[in-house]
Amino acid sequence: MTSIPAYPEPRGLLKGKTVVVTAAAGTGIGFSAAKRAAEEGATVLISDFHERRLGEAAERIGDETGVKPATFVCDVTQQDQVDALHAASLSTLGAVDVLINNAGLGGEVPVVDMTDEQWSRVIDVTLNSVFRMSRAFLPSMYARKTGVVVNNASVLGWRAQKGQAHYAAAKAGVMAFTRCSAVEAAEHGVRINAVAPSIAMHAFLAKVTTDDLLAKLSAQEAFGRPAEVWEVANVMIFLASDLSSYMTGEILSVSSQRA
């Protein structure tokens, strides 16, 4: 196992930008993306359906960066709440320069045992939410002829893992949606890309995944360890920044897997 690299020094990559991040409560990728955006100079609004945890996340980001993000409670499976999030974002931030679609839901169940509800719930949270959020936020970006969307996909959109058919199908859908919507958005000066992490360790993943599976997945990584959530967030920040100005419709694998 290789050592974890040093946490990056802020470089002002998003100075003056406004950023909205979904599913940013807890300690996962969304939280880390919001924190990194704030560190890089952005004004941030974070959203999640869990009000208490969302408030706690905002407090932590404020304590650690000196700038507390705005918050808005939103269930991304409900279009009226997504529309309300968009309206609140414009009211609070003035305009949205960057949207990070981070919401997703997994779970392990074989296809023959999977219920319609299990299938539909994962697809709704993981894939349909990206569609709903994009449909709500893109028109205001189009009107300004500028904006960036970063979607959170997964290497399972390319690779196979038993018990993950619903999640893999949803993430493959996120990839395809990213490519197609990016071609449309390019005509309006808006860029859309996605990250595809392999495994990033955080409290919720540890809660829903067995130790044996986590050890197996980590062993498949060339570095012999899972990513830190901020290592995934770093790539999101790159895609959100002007450093990736010629990139759109791309899916960046954030992985050290051997195969």
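So, here is what we can say about the structure in this document.

Quick notes on the rules
- Here, residues in each chain are numbered from 1, in the same order as that chain's written sequence.
- Only residues with pLDDT of 70 or above have their local features reported here, since the model is predicted, and side-chain atom pairs are shown and tallied only from 80 upward, although totals for entire chains, interfaces and linings are computed over all residues.
- Side-chain calculation: all heavy atoms of the structure are included, whereas hydrogens and water are not.
- Put simply, DSSP marks the helices as runs of H or I at least four residues long and the strands as runs of E at least two long, and each gets a number from the N terminus on.
- Radius of gyration here is computed from C-alpha atoms only, and the compact-globule reference equals 2.2 Å multiplied by the residue count raised to the power 0.38.
- Remark: exposure states derive from per-residue accessible area (1.4 Å probe, protein chains only) relative to the maximum for the residue type, with buried under 20%, exposed over 50%, and partly exposed in between.
- Accessible areas in this description were obtained via Shrake-Rupley with a 1.4 Å probe; residue shielding takes into account the shown protein chains only.
- Positive charges come from Lys and Arg, negative ones from Asp and Glu, while His and the chain ends are left out of the count.
- One atom stands in for each charge, and that atom is NZ of Lys, CZ of Arg, CG of Asp or CD of Glu.
- Salt bridges, as used here, are contacts in which a Lys or Arg side-chain nitrogen is within 4 Å of a carboxyl oxygen on Asp or Glu.
- When two rings of Phe, Tyr or Trp (its six-membered ring) have centres within 6.5 Å they constitute a pair, described as stacked for plane angles under 30 degrees, edge-to-face for angles over 60, and tilted for the intermediate range.
- In our convention, an over-ring charge means Lys NZ or Arg CZ found within 6 Å of a ring centre and within 35 degrees of that ring's normal.

A word on the overall build of the protein. In terms of regular secondary structure, the protein is built from 8 helices and 9 strands. Here the C-alpha radius of gyration of the protein, 17 Å, is about what a compact globule of 259 residues would show, namely 18 Å. The principal-axis extents of the C-alpha atoms in the protein amount to approximately 45 × 40 × 40 Å. A total of 259 residues make up the protein; the buried ones form 51% of that total. For the protein, the computed accessible surface area is about 12,000 Å², with 55% contributed by carbon and sulfur atoms. Distance between charge centroids for the protein: 4 Å, based on 23 positive and 27 negative side chains.

We now examine the pattern of salt bridges. Summed over the entire model, instances satisfying the criterion amount to 8 salt bridges. Residue Glu59 is joined to Lys68 by a salt bridge in which the shortest nitrogen-to-oxygen separation is 2.7 Å. Residues Arg144 and Asp97 are paired through a salt bridge, measuring 3.2 Å at the closest nitrogen-oxygen approach. Taken together, the positions of Arg144 in helix H4 (residues 116-144) and Asp97 in the loop between helix H3 (79-93) and strand S4 (98-101) put the pair 47 residues apart, joining distant regions of the chain. Given the relative accessible area of 38%, Arg144 is considered partly exposed. Overlapping salt bridges bring together Arg36, Glu39 and Glu40 as one network.

The full count for this structure, using the stated rule, is 2 aromatic pairs. Plain terms: the ring middles of Tyr7 and Trp230 are 5.2 Å apart, the flat faces sit at 70° to each other, and that makes the pair edge-to-face. Here the residue Tyr7 occupies a position in the segment before strand S1 (18-21), and Trp230 occupies one in helix H8 (residues 229-240), the gap between them amounting to 223 residues. Judged by relative accessible area, which is 31%, Tyr7 ranks as partly exposed. A ring pair is formed by Phe131 and Phe177, whose centres lie 6.4 Å apart and whose planes are at 80°; its orientation type is edge-to-face. Here Phe131, found in helix H4, pairs with Phe177, found in helix H5 (residues 165-186); they are 46 residues apart in sequence, far enough to count as distant. Residue Phe131 is classed as partly exposed on the basis of its relative accessible area, which comes to 37%. Exposure remark for Phe177: the relative accessible area of 23% places this residue in the partly exposed category. The ring of Phe31 has Arg60 lying over it, and the distance from NZ or CZ to the ring centre is 4.7 Å.

Scope: geometric values only; no functional claims are made or implied.
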